[in-house]
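Chain residues, written in single-letter form:
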Amino acid sequence: MSNKILRQYGTLIALFVVVVIFSALKPGAFPTFANLVNITRQISLLTIISVGATIAMVVAEFDLSIGAVASFGGVLAAGFTVQGMNVVLSMLIPIGLSFLFGLGNGYLITRFRIFSFIATLSTGTILGGVTFWYTGGATIFGGIPDSFLWLGQAKIGFIPVPTILMIAVVVFFWFIFSWTEFGRRLYAIGGNPVASRLSGVHVSRDKTYAFGLSSLLSAFTGVILASRLGSAHPTGGSGMLLQAYAAVFLGMTAFKAGIPNIWGTFIGSLLIGVVANGLTMLQVPYFLQDIVTGMIVILAVILQHIDEWRG
């Protein structure tokens, strides 16, 4: 198999191999339509927050605040709802505030030339403190209306609403990056910001918008998570940070070698979800699932540099 094929389709090949293995080991349970629907529901939150991380990586930056923003969005939405606020407003307000938070991240990075991983790690830590302050460190549960739970628990026909939302987010941002001038500008900034600036692109503005979108999708993820669980914890989204970037790096060996892309991120999330689902069916302990996922990500990064082996 050529190095080019491995670099461009490594994640797809890995996904196919994993599906074949689990189908052989659990023929009556894994390769079923019901399990496929279940997997899409399981990866919906990871995919949505990973699309946000992808947007930041397209402009060659990292957003390490996405986990904190997801926790903030879920806690604020649940808290507002318990206090009697209209359900739609209780969801939209934290998403809007998170978008502004992301714009603030972008401003810090572009205006003061702070490395993105330092800036977003710091602001995410601050936001995590704010979230703890709001909840007193306690989980919000009880008094949450059924209308709030619809977003995370309902189905339309046989398809879970989170699955539909995931597909909508993936298709929408694929369209943005593939068919709009804004998406092309973001890729240009990630490729060569100096050349982009000389060609008339407002690099600082567009990069700031990228961070705003990253935070918006993170908060949206947190809202869906709170709706699914019927509760919200101040660290509820923290564990999604590393998995989100795992999905992004896996996606960089799907379709566009070494380049963050929306469909690649979706395939990366799907691979992580399939591995977790299959290992759960085989009753493999959870910590071993993390080990396997980490090994898959390392392999994906190695595949991106496979041509360098010859040197």
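Structure first, text after, so check above.
Calculation notes
- Residues numbered from 1 in each chain as written.
- Predicted model: local features only at pLDDT ≥ 70, side-chain atom pairs only at ≥ 80, totals over all residues.
- Heavy atoms only, no water.
- Helix = DSSP H or I, 4+ residues; strand = E, 2+ residues; numbered from the N terminus.
- Buried < 20%, exposed > 50% of the residue type's maximum accessible area, 1.4 Å probe, protein only.
- Phe/Tyr/Trp six-rings, centres within 6.5 Å; stacked < 30°, edge-to-face > 60°.
- Lys NZ or Arg CZ within 6 Å of the ring centre and 35° of its normal.
- Bend = angle between axes of the 7 residues up to and from the residue.

A short note on unusual backbone geometry
If a residue is not glycine, its phi is most likely negative; likewise, a peptide bond is most likely trans.
Thought 1: One non-glycine residue, Ala60, adopts positive backbone phi at about 65 degrees.
Thought 2: Tracing the backbone shows Ala60 in the loop between α2 (33-58) and α3 (66-82).
Thought 3: Its identity is not glycine, yet Arg113 carries a phi of approximately 60 degrees, on the positive side.
Thought 4: You can see Arg113 is positioned in the loop between α4 (87-111) and α5 (116-135).
Thought 5: Take Arg113: its relative accessible area is 64%, and that puts it in the exposed class.

Digging into the packing of aromatic side chains
Thought 1: Applying the stated rule across the entire model yields eight aromatic pairs.
Thought 2: With 5.6 Å between their ring centres and 45 degrees between their planes, Phe62 and Tyr245 make a pair best called tilted. Linking Phe62 in the loop between α2 and α3 with Tyr245 in helix α11 (residues 240-251), this pair joins segments that are 183 residues apart in sequence.
Thought 3: Arranged with centres 5.9 Å apart and planes meeting at 90 degrees, the rings of Trp263 and Phe266 form a pair that is edge-to-face. Pair noted here: Trp263 and Phe266 are both in helix α12 (residues 262-281), with a separation of three residues, about one helical turn.
Thought 4: A residue is classified by how much of its surface remains accessible, and Trp263, at 32% relative accessible area, is partly exposed.
Thought 5: Sitting over the face of the ring of Phe112, Arg111 holds its NZ or CZ atom 5.5 Å from the ring centroid.

Focus: α2
Thought 1: Where α2 bends most, the angle comes to about 45 degrees, and this point is Ile43.
Thought 2: In terms of residue burial, α2 counts as a mostly covered element, since 20 of its 26 residues are buried.
Thought 3: In the stretch just after α2, Ala60 is the one whose phi turns positive, near 65 degrees.

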